[in-house]
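Examining the three-dimensional arrangement
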Amino acid sequence: QNAVRNLYVARTIAPVISSVCRGVRVRYTLFAQLENVKTTESIYGFEFFGTIYTILEKCQSNRVSNGTGAGTDLWYGYYINGSADVGLAGGNASLYLNYCTAGCNNATLSAGISIGFYADFAFTDVFMESPETVTCATSISVIGNASPSLYASNTDFMIKNPISDQFNEFGIYIRDVNDFGSISITGGYYGPAAGATSCVFIQDSNGSVRIDGGQFVMVGAPGCFGITLDTVSNAIIDKPQILESSTFG
C-alpha cells in the first residue's frame, strides 16, 4: 500500500548517459499508487520492475537537456521493464497508467531515441488509459519476447485512446509479440510530424494485435503510412479513419 502523491523530481545537472538514471523507480512492490508525480531530466522518467497492481494517475515525464558523457543518449518517459521474473505475471502485472503524459522537449532526442511509453520482454495485464505524448521519436513502443512456449508472458496489453502528437518515427510500434500474446488499441489520435514513418507499425508478431477505430491525421507528413504490417499474423484492423494520406493508408 505504498502511495506517492504531488511530487516533483528534477535534476540540477544534466543526466549522465552511462548512469541510466531514473527519476522514479518502482521495484518489487504490491499495491503501489502514484498520483500527480512529475519527473524531468532523467534517462528513464519512470521505471517499473517486478511490480504487481501498480496505479499511476495524472503523472508527467519530460526531458529537455542533453545527456552527458560517453554512450548514446536516449529517453524513455515510462519504462515498463519486463525482464523481472514474477512467474506467469511476467515482469510487471496489473499495471495501470491512466491519463499520463510524456513530452520530449529536446530536438536531438526527438529525432533520435526517445519513447514516451516503452514496454519490453514480458508483460501481463497492462492498461494505458488516454496516454498522451508530444514530440517523441516514438510515442508508444511494445517489444515482446516472441516466444512460442511462454504462454502468458505477452497477454492483455490494452491501450485506450492514445494521443500521439508530432511523433518523428512511429505513433505506436509493436514487435515480437509471442504466439499467445494479445494487444488491443482502441480509439485515439495520431498526428505525425513531417518526417514520420508510420502511425502504427507492427512487425514480426504472431500474437493477436487488434486496432479498433482511431483517427489518423496525415496532413503535413507526406512520407508517413497510416498502418504498416510487416511479417505479422493475427492482426485485426476495424474501421480506422485515415485522413489525407500522401502515400498509403
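Presented here is a report on the structure given in the accompanying data block. What you see is a predicted model, and the numbers here were worked out from it, not measured in a lab. (Residues numbered from 1 in each chain as written. Predicted model: local features only at pLDDT ≥ 70, side-chain atom pairs only at ≥ 80, totals over all residues. Heavy atoms only, no water.)

**Describing the nonpolar core**
- By size, the foremost hydrophobic cluster in this structure holds 47 residues, and its most contacted members are Phe-46, Phe-48, Leu-56, Tyr-78, Phe-157 and Ile-174.
- Sequence-distant contacts of Phe-48, defined by excluding residues within four places in its chain, comprise Val-26, Thr-54, Leu-56, Tyr-78, Tyr-79, Ile-80, Asn-81, Asn-92, Leu-95 and Leu-97.
- In this structure, Cys-21, Leu-74, Tyr-79 and Tyr-118 belong to the second largest nonpolar core, which totals twelve residues. (Core = buried A, V, L, I, M, F, W, Y, C linked by side-chain atoms within 4.5 Å. Buried < 20%, exposed > 50% of the residue type's maximum accessible area, 1.4 Å probe, protein only. Contact = heavy atoms within 4.5 Å.)

**Re the side chain of Ser-61**
- Tracing the backbone through its elements, the reader meets Ser-61 in strand S6 (residues 60-63).
- Residues in contact with Ser-61, not counting those within four places in the same chain, are Thr-39, Gly-45, Phe-46, Trp-75, Gly-77, Tyr-78, Thr-101, Ala-102 and Gly-103. (Helix = DSSP H or I, 4+ residues; strand = E, 2+ residues; numbered from the N terminus.)

**Describing unusual backbone geometry**
- Of note, Phe-31 is a non-glycine position whose phi angle comes to about 65°, a positive value.
- Relative to the helices and strands, Phe-31 is located in strand S3 (residues 30-40).
- Backbone geometry at Asn-234 places phi at a positive 65°, although glycine is not the residue there.
- The residue Asn-234 is located in the loop between strand S22 (225-232) and strand S23 (235-238) in this model.

**Some remarks on the packing of aromatic side chains**
- One pass over the structure, following the stated rule, counts 17 aromatic pairs.
- Note on Tyr-44 and Tyr-79: the rings are 4.9 Å apart at their centroids and 65° apart in plane angle, and the pair reads as edge-to-face. With Tyr-44 in strand S4 (residues 44-49) and Tyr-79 in strand S7 (residues 75-81), the pair connects residues that are 35 residues apart, well separated along the chain.
- Plain terms: the ring middles of Phe-46 and Tyr-78 are 4.9 Å apart, the flat faces sit at 5° to each other, and that makes the pair stacked. On the criterion of sequence distance, the pair formed by Phe-46 in strand S4 and Tyr-78 in strand S7 is long-range, its members being 32 residues apart.
- Using a relative accessible area of 0% as the deciding quantity, one classes Tyr-78 as buried.
- Chaining the aromatic ring pairs together yields one cluster made of Phe-31, Tyr-53, Tyr-96 and Phe-127.
- The side chain of Arg-25 reaches across the aromatic face of Phe-49, ending 5.9 Å from its centre. (Phe/Tyr/Trp six-rings, centres within 6.5 Å; stacked < 30°, edge-to-face > 60°. Lys NZ or Arg CZ within 6 Å of the ring centre and 35° of its normal.)

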